[in-house]
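Residue-level structure breakdown
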Amino acid sequence: MESRELGAGGPRVGVVGMGTWQTLERADAGVIEAGLDAGIRVFDSSPMYGEAERLLGEALGARRPEAYVATKLWTPGDGTAQATAALGWYGGYVDLYQVHNLVNTRAHLDLLERLRGEGQVRSIGATHYSAGAFGELADVMRSGRIDAIQVPYNPRQREVEREILPLAQELGLGVLVMRPLGEGALVRREPAGVVEALRDFGITTWAQALIKWVLSDPRCTCAIPATSRVERAAENAAAGSPPWFGPQECDLVARSVA
Ligand SMILES: NC(=O)c1ccc[n+]([C@@H]2O[C@H](COP(=O)([O-])OP(=O)(O)OC[C@H]3O[C@@H](n4cnc5c(N)ncnc54)[C@H](OP(=O)(O)O)[C@@H]3O)[C@@H](O)[C@H]2O)c1
């Protein structure tokens, strides 16, 4: 598999997806449809996110084939019930099925490999939000059992640069980036003059500058900012196309956050 492919049949270049943690239950009606209309394909969810998995499935409806669904198993016990529910919501298959926060990893990988053999799972991944677990994540990456990882990355949280991104590149694993906006904290204060300085890169808002900062690293396949607002789906999606930032623009964004 080439570097930057999220998983079998998944996106191969830097693209913007959509997360669903703490947003879908309070979202504007039509936020998923607005994302699809804006060209968003990757939608990330988890049983940890309240009703989000079900709401995502309902919102996709007949447009399910347009989407690349990345969801997760998240239970210390048997994952069969979670998988059965998700397969029901997503038309009988999940594009990328991830082990959430490395909970019960070995047992969940066994189940996901079986489901992949039956054609119900296309690719397998693992996530963790904390740098303290990156050693364990690296072991899972080296096991050869996963196609993609999901990790936090933004100009204020850069621990993945040390070991995880180089290893993903070496192994050819896809990289899904959670928290590209620092859970919203990074967008609250817009630094003066930066958006204007990045206009030639198609940037019109500070959120777009942060998302493009992530995707300008060729090791990152897909950033998944979450939003509850229809107009922000298109705003965020627009950051997922070239021209990508070079070192100077990346430095400018990083310095503006520091
Ligand atoms: N362990 C794991 O596997 C794990 C952990 C964390 C996250 N994740 C995944 O990663 C996704 C993204 O991370 P996240 O949701 O924590 O953080 P995030 O995407 O960095 O930030 C989301 C916040 O940014 C705001 N926002 C989005 N677009 C905006 C824009 N254009 N302008 C201004 N504000 C904007 C949203 O508020 P509005 O709704 O008001 O737009 C929301 O509060 C999650 O939803 C989840 O799918 C996975």
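Rules and cut-offs
Residues numbered from 1 in each chain as written. Predicted model: local features only at pLDDT ≥ 70, side-chain atom pairs only at ≥ 80, totals over all residues. Heavy atoms only, no water. Phe/Tyr/Trp six-rings, centres within 6.5 Å; stacked < 30°, edge-to-face > 60°. Helix = DSSP H or I, 4+ residues; strand = E, 2+ residues; numbered from the N terminus. Buried < 20%, exposed > 50% of the residue type's maximum accessible area, 1.4 Å probe, protein only. Lys NZ or Arg CZ within 6 Å of the ring centre and 35° of its normal. Contact = heavy atoms within 4.5 Å. Near = heavy atom within 4 Å. Polar contact = N/O pair within 3.5 Å; in protein donor to acceptor, adjacent residues only side chain to side chain. Areas by Shrake-Rupley, 256 points an atom, 1.4 Å probe, with all protein chains shown as cover. Axes fitted to C-alpha atoms, helices over the stretch in contact; angles between N-to-C directions. Parallel < 35°, antiparallel > 145°, perpendicular 65-115°, else oblique. Left-handed = near helix turned anticlockwise from the far one by under 90°. Nonpolar A, V, L, I, M, F, W, Y, C, P; charged D, E, K, R; others polar. Pairing = 2+ DSSP bridges.

**As for the packing of aromatic side chains**
In this structure the tally under the stated criterion is 2 aromatic pairs. Judged by centre distance (4.9 Å) and plane angle (50°), the ring pair of Y153 and W213 falls under tilted. With Y153 in the loop between β6 (148–152) and α6 (164–171) and W213 in helix α8 (residues 206–215), this residue pair connects regions lying 60 residues apart in the sequence. Ring centres of F201 and F245 lie 5.5 Å apart, and the angle between their planes is 75°; this geometry places the pair in the edge-to-face category. Taken together, the positions of F201 in the loop between α7 (194–197) and α8 and F245 in the loop between α9 (230–237) and α10 (247–257) put the pair 44 residues apart, joining distant regions of the chain. Classification of F201 by relative accessible area gives buried; the value is 17%. By relative accessible area, which is 6% here, F245 ends up buried. Between the NZ or CZ atom of R64 and the centre of the ring of Y93, over which it lies, the distance is 3.9 Å.

**Points about the environment of Y97**
Mapped onto the elements of the fold, Y97 is located in strand β4 (residues 94–99). A residue is classified by how much of its surface remains accessible, and Y97, at 0% relative accessible area, is buried. Counting along the chain gives 12 residues from Y97 to L109, while the straight-line C-alpha distance between them is 9.5 Å. Once you skip the residues sitting within four places of it in the chain, Y97 turns out to touch T71, K72, L73, Q82, A83, A86, L112, V121, S123, I124 and G125.

**Considering unusual backbone geometry**
For the bond from P242 to P243, the omega torsion is 5°, close enough to zero to count as cis. In this structure, P243 sits in the loop between α9 and α10. The residue E183 is not glycine, and still its phi comes out positive at about 60°. For E183, the position within the fold is in the loop between β7 (174–178) and α7. E183 gets classed as partly exposed once you look at its relative accessible area, which sits at 46%.

**A short note on the site of the ligand**
What surrounds the ligand is a group of 31 residues, the closest being D44, N101, L181, T227 and S228. Here an oxygen atom of the ligand and a backbone polar atom of E183 are 3.0 Å apart. In this structure, an oxygen atom belonging to the ligand sits 3.0 Å away from a main-chain N or O atom of A226. A total of 900 Å² of accessible area belongs to the ligand in isolation, and the protein chains cover 90% of it. The element best represented in the shell around the ligand is α9, accounting for 3 residues.

**Quick word on the packing of α8 against α10**
Two numbers describe how α8 lies on α10: the axes approach to 10 Å, and their chain directions differ by 120°. In terms of orientation, α8 and α10 fall into the oblique class. As α8 runs across α10, the sense of the crossing is left-handed. On the side of α8, the interface is formed by W206, A209, L210 and W213, while α10 contributes C250, V253, A254, S256 and V257. Of the residues that constitute the contact of α8 with α10, the class distribution is 8 nonpolar, 1 polar and no charged.

**A look at the packing of helix α5 (residues 134–142) against α6**
Close contact between α5 and α6 brings their axes to 11 Å; oriented N to C, the two are set at 0°. The angle between α5 and α6 places the two elements in the roughly parallel class. Across the interface between the two elements, F134, L137, A138, M141 and R142 of α5 pack against I164, L167, A168 and L171 of α6. For the contact of α5 with α6, the residue count by class is 8 nonpolar, no polar and 1 charged.

**What to know about the sheet that holds β4**
Spatial strand order, β1-β8-β7-β6-β5-β4-β3-β2: 8 strands in an open sheet with parallel pairing. Where the open sheet ends on each side, the last strands, each with one partner, are β1 (15–16) and β2 (42–44). In terms of strand pairing, β6 meets β7 through 5 bridges, oriented parallel. Bridge pairing links A148 to G174 in β7.

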